[in-house]
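Summary of structural features
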Amino acid sequence: MKSLVDSIQQLYQRKSMIPLHEPSMGALEIATVTSAIESTFVSSFGEYIDQFENKIEHYTHCKKAISTVNGTSALHACLYLSGVKLGDLVMTQALTFVATCNAIHLAGAEPILLDVSKEGLGLSAISMASYLEENAYMDGEICKHKKTHQCIRAVMPMHTFGHPVDLDSIKLLCDKWHVNLIEDAAESLGSFYKGKHTGTYSQFSALSFNGNKIITTGGGGMILCDSDKNGELAKHITTTAKQSHPYEFYHDQLGFNYRMPNLNAALGCAQFEKLDNYLISKRQIANYYENELKGSDYQFVKEPEYAKSNYWLNAVICENLNARNSLIEQCTAENIMVRPVWQPMHHLPMYENALKGDLSYTEWLAERVVNLPSTPILGSEYA
């Protein structure tokens, strides 16, 4: 059997460095961004912002999509819009990108770190249920922590590498414990849970369009809203809560300067035209890796049975820490960019004292998961 290094080299056919995930830019992106520059509307107003939001609304079937400067700002706005207040607690997974917990901190709240599932590596509903049964109580309609008596206001699962979490099971727990669901869908544009797009199971959720995402606006995010009313509110508070007026500056509540510039939205409009082809290519790449790894010492991370994933970043689970480090070193020596999974949040100094449940599987995965090159492979006609 070929080594995994050989398989990656055969897939990408490059003599230079093979990146983990790079954007594809071509004539369409250049023309669209140039058009935005020539319009002189390069900041937080312009036709491409509306176009990009409309494209995402139509694709995801959310009621309203509100663009932001990045995914973290979208997450922070979602927490604020969901009523998360200073001193509240928000449940999330310990195995996530740091932006998830940073957004909770920006909202003035504190994370409760929970374990992830073996299906898709996202928040485990079993871990969530166990933590709430052991550590929470209902004070009327408010869920509170038995030890600190803080309000457990929300749960924010992250769809890891684009693989949807078990939203139905999490939603049942949210209903039982009166906890708001906020989806961190930053990595999952093009992923579906039981036929419904991720980010549409909650009042508010967040997408990211960072340079390494499936489509990019350079830097950018999006709030997906479940109603026109919530969409109007999200747009209002992300535009400094300014009341419309010909010349007066009047702001009627706390707001944030989070709106995506028209320049970035123009890039997003062009990138969106390639999304379907990216998704086809990514599934082909995932199938390639899965087939190449059959009978090997590596376990390929597959989409859960209940979901259709965008396979944003492909990943393997190695036998142990030594095998993980050996794979990373071999790939690095051959100019192949691979990455270990993020450091679990409780390993970081700012979250090491956070409330947490049993994190056995998180710890096990942190020593074994490696992300493989996942850049879509498109023909020249899509350049």
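A short tour of the structure in this document, coming up. Note that the structure is a prediction, hence the values are computed from the model and not measured. (Residues numbered from 1 in each chain as written. Predicted model: local features only at pLDDT ≥ 70, side-chain atom pairs only at ≥ 80, totals over all residues. Heavy atoms only, no water.)

Quick notes on the overall build of the protein chain
Helix and strand counts for the protein chain stand at 12 helices and 17 strands. Across its three principal directions, the C-alpha atoms of the protein chain cover 65 × 60 × 35 Å. Of all 383 residues assigned to the protein chain, the portion counted as buried reaches 54%. When contacts within the protein chain are restricted to residue pairs at least 6 apart in sequence, those whose partners lie at least 24 apart make up 70%. (Helix = DSSP H or I, 4+ residues; strand = E, 2+ residues; numbered from the N terminus. Buried < 20%, exposed > 50% of the residue type's maximum accessible area, 1.4 Å probe, protein only. Contact = heavy atoms within 4.5 Å.)

A few points about the nonpolar core
Phe52, Ile56, Leu189 and Phe209 are the most contacted members of the largest nonpolar core, which totals 40 residues. Listing elements by their share of this core, those giving two or more residues are helix H3 (47–60), strand S11 (221–225), helix H9 (262–272), helix H10 (275–292), strand S14 (314–317) and helix H12 (360–366). Per element, the largest residue contribution to this core is five residues, and it comes from H3. Setting aside anything within four residues of it in sequence, one finds Phe52 in contact with Phe209, Ile215, Thr217, Met222, Met260, Ala265, Gly268 and Cys269. If you look at the next biggest cluster of nonpolar residues, it comprises 25 residues, including Ile112, Leu173, Leu181 and Tyr201. (Core = buried A, V, L, I, M, F, W, Y, C linked by side-chain atoms within 4.5 Å.)

Topic: the packing of aromatic side chains
Applying the stated criterion across every chain, the model contains 11 aromatic pairs. Judged by centre distance (5.1 Å) and plane angle (15°), the ring pair of Phe256 and Tyr258 falls under stacked. A relative accessible area of 13% means that Phe256 is categorised as buried. Joined through ring pairs, the aromatic side chains of Tyr59, Phe192 and Phe272 make up one cluster. Over the aromatic face of Tyr361 sits the side chain of Lys118, whose NZ or CZ is 5.6 Å from the ring centroid. When the ring centre of Phe249 is taken as reference, the NZ or CZ atom of Lys242 above it lies at 5.2 Å. (Phe/Tyr/Trp six-rings, centres within 6.5 Å; stacked < 30°, edge-to-face > 60°. Lys NZ or Arg CZ within 6 Å of the ring centre and 35° of its normal.)

Thoughts on the side chain of Ser127
On the secondary structure map, Ser127 appears in helix H6 (residues 125–135). Discounting residues that sit within four places of it in the chain, Ser127 has contacts with Leu114, Asp115 and Asp358.

Examining the sheet that holds strand S13 (residues 307–308)
The strand order across the open sheet built from three strands is S9-S8-S13, with neighbouring strands paired in antiparallel fashion. With partners counted over all chains shown, the strands left at the sheet margins are strand S9 (196–197) and S13, one partner each. With two bridges connecting them, strand S8 (residues 192–193) and S13 associate as antiparallel partners. Bridge assignment links Phe192 to a residue of S13, and that residue is Lys308. (Pairing = 2+ DSSP bridges.)

A word on H10
Three or four residues apart is the spacing at which side chains of an α-helix point the same way, because the helix has 3.6 residues per turn. Its 18 residues give H10 an end-to-end C-alpha distance of 26 Å, which sits within 8% of 26 Å, the value for a rise of 1.5 Å per residue. When H10 is considered as a whole, its buried residues turn out to be Leu275, Tyr278, Leu279, Ser281, Lys282, Ile285, Ala286, Tyr288 and Tyr289. Lining the buried residues of H10 we find helix H1 (4–12), H3, H9, strand S12 (299–300), S14 and strand S17 (369–372). (Expected span 1.5 Å × (residues − 1).)

Digging into the environment of Thr239
Among the structural elements, Thr239 can be located in the loop between helix H8 (228–237) and H9. Given the relative accessible area of 21%, Thr239 is considered partly exposed. Not counting residues up to four positions away in its chain, the partners in contact with Thr239 are Phe256 and Arg259.

Quick notes on the pattern of salt bridges
Opposite charge on two side chains permits pairing when their charged atoms draw close. Counted according to the given criterion, the structure contains 13 salt bridges. Salt-bridge contacts for Asp139 lead to Lys144; the nearest nitrogen and oxygen are separated by 3.0 Å. We classify Asp139 as partly exposed; its relative accessible area is 36%. When the shortest N-O distance is used, the salt bridge between Asp175 and Lys171 registers 3.1 Å. (Salt bridge = Lys/Arg side-chain N within 4 Å of Asp/Glu carboxyl O.)

A few points about the side chain of His21
Structurally, the position occupied by His21 is in the loop between H1 and helix H2 (27–39). Looking at His21, its side chain comes within polar contact range of the main-chain oxygen of Asn212, at 3.1 Å. Apart from residues no more than four positions distant in its own chain, His21 is found in contact with Asn212, Lys213, Ile214, Lys282, Trp312, Leu313, Ser374, Thr375 and Pro376. (Polar contact = N/O pair within 3.5 Å; in protein donor to acceptor, adjacent residues only side chain to side chain.)

Comments concerning the sheet that holds S14
As summarised here, the arrangement of the four strands in space is S12-S14-S17-S15, forming an open sheet in which the pairing is antiparallel. If you trace the sheet from one side to the other, it starts and ends with S12 and strand S15 (339–340), each paired once.

Quick notes on unusual backbone geometry
As a rule of thumb, non-glycine residues mostly have phi less than zero, and peptide bonds are mostly trans rather than cis. Phi is positive for Lys194, which is not a glycine, with a value near 50°. For Lys194, the position within the fold is in the loop between S8 and S9. Judged by relative accessible area, Lys194 falls into the exposed class, the value being 53%. You will see that Tyr311, though not glycine, has its phi angle at about 50°, which is positive. For Tyr311, the location among the structural elements is in the loop between S13 and S14. By relative accessible area, Tyr311 is classed as buried at 4%.

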